[in-house]
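A closer look at the structure
For reference, the chains in residue letters:
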Amino acid sequence: MYHFRDDVVALFPALAVLDPLVRAGYLGVDLFFVLSGFILCHTYFDQFHNGVSLPAYRRFLQARIARVYPVHFVTLHIVLLGLLAAGTLGFEIYSINGSPAAYVAQLFMAHLWLGMGSTFNYPSWSISAEWFAYLLCPLLLIGMGRLRTPAQFGAVAAVAFLGSAALLAQRTDLAETWLPRIIGGFVGGAAVNMIYRATPAFRHGPVLIWGALALFSVGIMVHGGYWFNVCD
């Protein structure tokens, strides 16, 4: 809905009342980054917190590639075929960097790191950001293993969420925002998982869940410059 919002409202004008909410759909990506950090920490912390061997790192990356790459590869080439067909018919769908270098960068999920966000399948920038986080994830888990108390993990989560939000305030360009978004969300999600691990789950689980949601909401409020610009 977020990516096709203008077309949807043009076809169904009655849905315009939902437009401010739909235009905030970009926040779903940030929630995805948080969940990704939480789940990968939950799954791999015990394996990596004492160190990373090359075989274990290779298996980890193979699993990550198997998770995201097939869909990325297929959608990239669906878009490529669509662009070739549009060019043959004399239509220009949207302005993108369609160079061979941009194609190769997107093929290796590195297009965002190289400043090529607007290449072919534009929404796949989030996959490129995730791939960046996957490459560094074992190092993050080693760092998490050096901390011990829920208060320490809470401090990491607060710095990650609120620091990221502060950097994002009044910045709307993808080239400026992708790095604090993926680092803040991924690290914050991993820290929340460590709070979960370090605290008796049955006694404090609901409090932790609501606390994490509240902290994330505060981060979004700090990031309110973009929120209000989107909703205007």
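Data block above holds the structure.
Residues numbered from 1 in each chain as written. Predicted model: local features only at pLDDT ≥ 70, side-chain atom pairs only at ≥ 80, totals over all residues. Heavy atoms only, no water.

1. Looking at the overall build of the protein chain
Scanning the protein chain for helices and strands turns up 10 helices and 0 strands. Along the chain direction, N to C, the helices and strands of the protein chain fall in the order α-α-α-α-α-α-α-α-α-α. Counting over 232 residues, the protein chain shows a buried share of 38%. Counting only contacts in the protein chain whose residues sit at least 6 apart along the sequence, the fraction spanning at least 24 positions is 68%. A total accessible area of about 12,900 Å² is found for the protein chain, and carbon and sulfur atoms account for 71% of it. (Helix = DSSP H or I, 4+ residues; strand = E, 2+ residues; numbered from the N terminus. Buried < 20%, exposed > 50% of the residue type's maximum accessible area, 1.4 Å probe, protein only. Contact = heavy atoms within 4.5 Å. Areas by Shrake-Rupley, 256 points an atom, 1.4 Å probe, with all protein chains shown as cover.)

2. Considering the packing of helix α4 (residues 54–89) against helix α6 (residues 125–144)
The interhelical angle for the contact between α4 and α6, taken along N-to-C directions, is 170°, at an axis separation of 10 Å. Relative to α6, the element α4 is oriented roughly antiparallel. Contacts between α4 and α6 involve Tyr 57, Phe 60, Leu 61, Arg 64, Ile 65, Val 68 and His 72 from the first element and Ile 127, Trp 131, Tyr 134, Leu 135, Cys 137 and Pro 138 from the second. Taken together, the residues of the contact of α4 with α6 break down into 11 nonpolar, 1 polar and 1 charged. (Axes fitted to C-alpha atoms, helices over the stretch in contact; angles between N-to-C directions. Parallel < 35°, antiparallel > 145°, perpendicular 65-115°, else oblique. Nonpolar A, V, L, I, M, F, W, Y, C, P; charged D, E, K, R; others polar.)

3. What about the side chain of Ser 126?
In this structure, Ser 126 sits in helix α6. Classification of Ser 126 as buried rests on a relative accessible area of 15%.

4. Comments concerning the packing of aromatic side chains
Within this structure, the stated rule accounts for 10 aromatic pairs. Geometrically, the ring pair formed by Phe 32 and Phe 33 is tilted, given 6.2 Å between the ring centres and 50° between the ring planes. Ring plane angle 40° and centroid distance 6.0 Å describe the contact between Tyr 69 and Phe 73, whose orientation is recorded as tilted. Remark: Phe 73 and Tyr 69 occur in helix α4; sequence separation between them is 4 residues, near one turn of the helix. Phe 73 sits in the partly exposed class, given a relative accessible area of 37%. Its guanidinium or amino end placed over the ring of Tyr 2, Arg 5 lies 4.4 Å from that ring's centre, counting from NZ or CZ. Stacked on the ring of Tyr 134, the Lys or Arg Arg 64 has its end atom at 5.5 Å from the ring centre. (Phe/Tyr/Trp six-rings, centres within 6.5 Å; stacked < 30°, edge-to-face > 60°. Lys NZ or Arg CZ within 6 Å of the ring centre and 35° of its normal.)

5. Notes on the pattern of salt bridges
Taken as a whole and assessed by the stated rule, the structure comprises 2 salt bridges. For Arg 181, the salt bridge goes to Asp 30, with nearest N and O atoms at 2.8 Å. Of the two residues, Arg 181 is situated in helix α8 (residues 174–198) and Asp 30 in helix α3 (residues 27–48); the sequence distance between them amounts to 151 residues. Of the two residues, Arg 181 and Asp 30, neither departs from the other in class, the shared state being buried. (Salt bridge = Lys/Arg side-chain N within 4 Å of Asp/Glu carboxyl O.)

6. Concerning the side chain of Asn 121
Turning to its location among the elements, Asn 121 is positioned in the loop between α5 (100–107) and α6. Once residues lying within four places of it in the same chain are set aside, the contact partners of Asn 121 are Thr 75, Leu 76, Val 79 and Gln 106.

7. Description of the nonpolar core
Core analysis: the largest hydrophobic core is formed by 34 residues, its most contacted members being Phe 60 and Met 144. The set of elements that each furnish at least two residues to this core consists of α3, α4, α6, α7 (150–168) and α8. Leave out the neighbours within four places in its chain, and Phe 60 touches Leu 40, Tyr 44, Phe 48, Tyr 134, Cys 137 and Pro 138. (Core = buried A, V, L, I, M, F, W, Y, C linked by side-chain atoms within 4.5 Å.)

Such coordinate-based values are descriptive only and should not be taken to indicate function.
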